[in-house]
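Tertiary structure, described
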Amino acid sequence: KLANVLEGDSMDQDVESPVAIHQPKLPKQARDDLPRHISRDRTKRKIQRYVRKDGKCNVHHGNVRETYRYLTDIFTTLVDLKWRFNLLIFVMVYTVTWLFFGMIWWLIAYIRGDMDHIEDPSWTPCVTNLNGFVSAFLFSIETETTIGYGYRVITDKCPEGIILLLIQSVLGSIVNAFMVGCMFVKISQPKKRAETLVFSTHAVISMRDGKLCLMFRVGDLRNSHIVEASIRAKLIKSKQTSEGEFIPLNQTDINVGYYTGDDRLFLVSPLIISHEINQQSPFWEISKAQLPKEELEIVVILEGMVEATGKMCSILGWLWDRCSC
């Protein structure tokens, strides 16, 4: 488990003790110079998360007027749909195409008069053994899926049927490629890989090598590793600029080793990720007493390539409610 956290006056005693390591100027987290009184109602109130604990972004798009843009990229739109809608569309596309071409086959037979000469052996129909809409629908399925039972076949005396056969074969191949490709991408998405990548239960702010650090642990439960894994952290907090502009959900980068290469992980065993709280840290001006009252959120992004499939995956972690000082 991670190191024990420092609490209250003991932290001041450790920093000011003559046997302690000489420290440079520490940020306000190491000083207890602000009032300790914290409203329980404020600390225990329910906070609307930007990223939920399961790694899903709690953002809903509203007032989108240019909805046609989703249709211009229909493949990605289908992939992003939930499974129940994806399966419904999958079934509906095939059913509609079979019904559509079945109706055309029945119309050709009806217009040519094949329905009036069903039992006439001297009559050459467009499609043999086609005696109604149900048989036309079955012939449409057999044609598009290339089942080929051999009971209903097209004859060479029907040019319009030959043209329709070519059209249905080509369009059926396009539908198969599109829908099967969509389902394959949907199945092979590495989202479930995140279930075996876990973050520590608690993130702590503690001293490490004479420096005050924010630390948490990440580990991989599978034997197949995440290749070229890298980690980033973002502080989500509203801010107001010097010009008076209010920026909600402003994202500030939290350095977890970008300049030293510590953000590139060899994730074979659980690793402790550390962020030094120095003058460049967004936590530098926040005191220990003020920290529990801050409305902020820490989002951790772990990216890498799944060794088994070679696909890139991105895992989000939400840490703020599990942080102790």
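All figures in this text were calculated on a predicted structure; none of them were measured in a lab.

1. A few points about the pairing of strand β3 (residues 211-220)
Most of β3 sits out of view: eight of its ten residues are buried. Of the pairings in the sheet, the one linking strand β1 (residues 197-199) to β3 comprises three bridges and is antiparallel in character. In the strand pairing of β3, Leu197 is matched with Asp220. The pairing of strand β2 (residues 203-208) with β3 spans five bridges and is antiparallel. Looking across to β3, one finds that Arg208 is bridged to Lys211. Adjacent in sequence and paired antiparallel, β2 and β3 are bridged by two residues, among which Asp209 carries a positive phi angle near 55 degrees.

2. Concerning the pairing of strand β4 (residues 226-240)
With ten bridges joining them, β4 and strand β8 (residues 296-306) adopt antiparallel strand pairing. Bridge pairing in β8 places Ile226 opposite Val306. Strand direction decides the pairing type here: β4 and strand β6 (residues 264-265), joined by two bridges, are antiparallel. Across the sheet, the residue bridging to Ser230 is Arg264, located in β6. Linking β4 to strand β5 (residues 246-254), which pair antiparallel, is a turn of five residues; within it Gly244 sits at a positive phi near 95 degrees.

3. Here's the deal with the UniProt feature "transmembrane region" (unreviewed entry) in the protein
In the numbering adopted here, UniProt assigns the feature "transmembrane region" (unreviewed entry) to residues 87-111 and 161-185. Structurally, residues 87-111 comprises 100% helix and 0% strand, and the distance from its first C-alpha atom to its last is 36 Å. In residues 161-185, the share of helix is 100% and the share of strand is 0%. The end C-alpha atoms are 35 Å apart.

4. Some details on the pattern of salt bridges
Going through the model one piece at a time under the given rule, you end up with eight salt bridges. Taking the shortest distance from any N to any O, the salt bridge between Arg112 and Glu160 comes out at 3.3 Å. In this pair, Arg112 sits in helix α5 (residues 83-112) while Glu160 sits in helix α7 (residues 159-187), placing the two residues 48 residues apart along the sequence. Residue Arg112 is classed as partly exposed on the basis of its relative accessible area, which comes to 23%. For Glu160, a relative accessible area of 32% gives the class partly exposed.

Definitions and cut-offs
- Residues numbered from 1 in each chain as written.
- Predicted model: local features only at pLDDT ≥ 70, side-chain atom pairs only at ≥ 80, totals over all residues.
- Heavy atoms only, no water.
- Buried < 20%, exposed > 50% of the residue type's maximum accessible area, 1.4 Å probe, protein only.
- Helix = DSSP H or I, 4+ residues; strand = E, 2+ residues; numbered from the N terminus.
- Pairing = 2+ DSSP bridges.
- UniProt positions renumbered as here; feature names shortened; annotations may be inferred.
- Salt bridge = Lys/Arg side-chain N within 4 Å of Asp/Glu carboxyl O.

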